[in-house]
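# Residue-level structure breakdown
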Amino acid sequence: EDIDYEAAIGGRAVAKKHMDELKRRLQQQDRKDRSAKDEDMLTSLHVLNEYLCRGFECLPIELGKSRAKNYVVEDGKIRLPFLALKGGGETVANSLENATIGGHNFLSVDELQQATGASTPVIDALFAAGALGDMPRSNQLSFFEE
């Protein structure tokens, strides 16, 4: 849960930048004010940075390929799980895996959302991650679109 999705997909430079920013922020805080989550994130960024420095790569979340919380090896690269998304928990991650892993193609975001119970912030995170591609928000057609 503590993986920095943007850093994992962005590569070494982004991972290093995020790690340096977090270190700087933690250095400005008193030890007693530091959260366990920030400390866990720093550890995660260290591991991710080491992983990327060794030439390994992460693949983005993709419907039909990503699992709820397990990382999947594809062509020597690691496919990130749904749980790597900010704003989503284990329940919605499991629901997304169950709804998409069998190859079912959804016609719209509304249909995916109804099938999985994913909240709007999770859907927005999927869009931001590129996992929904150009999937339309709704099955409704507009006569005014060209």
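Predicted, not measured: the structure shown is a model, and the values here were computed from it. (Residues numbered from 1 in each chain as written. Predicted model: local features only at pLDDT ≥ 70, side-chain atom pairs only at ≥ 80, totals over all residues. Heavy atoms only, no water.)

### Notes on the overall build of the protein
In terms of regular secondary structure, the protein is built from six helices and three strands. Overall, the protein is about 55 × 35 × 30 Å in size when its C-alpha atoms are taken along their principal axes. If you sum the accessible surface of the protein, you get close to 9,100 Å²; carbon and sulfur atoms cover 49% of it. Looking at the protein, you have 18 positive and 24 negative side-chain charges, and the mean spots of the two groups are 8 Å apart. (Helix = DSSP H or I, 4+ residues; strand = E, 2+ residues; numbered from the N terminus. Areas by Shrake-Rupley, 256 points an atom, 1.4 Å probe, with all protein chains shown as cover. Lys, Arg positive; Asp, Glu negative; His and termini not counted. Charge placed at Lys NZ, Arg CZ, Asp CG, Glu CD.)

### Topic: the packing of helix α2 (residues 12-27) against helix α3 (residues 36-53)
Running from N to C, α2 and α3 point in directions that differ by 150°, and their axes come no closer than 9 Å. Taken together, the axes of α2 and α3 lie roughly antiparallel to each other. α3 is crossed by α2, and the crossing has left-handed handedness. When α2 is examined against α3, the residues Arg12, Ala15, Lys16, His18, Met19, Leu22, Lys23, Arg25 and Leu26 are found in contact with a partner set consisting of Asp38, Glu39, Met41, Leu42, Leu45, His46, Leu48, Asn49, Leu52 and Cys53. Taken together, the residues of the contact of α2 with α3 sort by class into ten nonpolar, three polar and six charged. (Axes fitted to C-alpha atoms, helices over the stretch in contact; angles between N-to-C directions. Parallel < 35°, antiparallel > 145°, perpendicular 65-115°, else oblique. Left-handed = near helix turned anticlockwise from the far one by under 90°. Contact = heavy atoms within 4.5 Å. Nonpolar A, V, L, I, M, F, W, Y, C, P; charged D, E, K, R; others polar.)

### Remarks on the environment of arginine 79
Along the chain, arginine 79 turns up in strand β3 (residues 77-79). A relative accessible area of 4% means that arginine 79 is categorised as buried. On a C-alpha basis, the gap between arginine 79 and glutamate 57 in space is 8.9 Å, while along the polypeptide they are 22 residues apart. At 2.6 Å, the side chain of arginine 79 and the backbone oxygen of proline 60 are in polar contact. (Buried < 20%, exposed > 50% of the residue type's maximum accessible area, 1.4 Å probe, protein only. Polar contact = N/O pair within 3.5 Å; in protein donor to acceptor, adjacent residues only side chain to side chain.)

### Considerations on unusual backbone geometry
Even without a glycine there, the phi angle at aspartate 75 is positive, about 50°. Considering the arrangement of structural elements, one finds aspartate 75 in the loop between β2 (72-74) and β3.

### Description of the pattern of salt bridges
In this structure the tally under the stated criterion is ten salt bridges. Between aspartate 38 and arginine 25 there is a salt bridge, and its shortest N-O distance comes to 3.0 Å. Residue aspartate 38 is located in helix α3, and its partner arginine 25 is located in helix α2; the two are separated by 13 residues in the primary sequence. Accessibility expressed as a relative area gives 40% for arginine 25, which makes it partly exposed. The shortest N-O distance in the salt bridge between lysine 69 and glutamate 90 comes to 2.8 Å. Pair noted here: lysine 69 is in the loop between β1 (58-59) and β2 and glutamate 90 is in helix α4 (residues 90-100), with a separation of 21 residues, a long-range link. Residue classification places glutamate 90 among the partly exposed residues on the basis of a relative accessible area of 39%. (Salt bridge = Lys/Arg side-chain N within 4 Å of Asp/Glu carboxyl O.)

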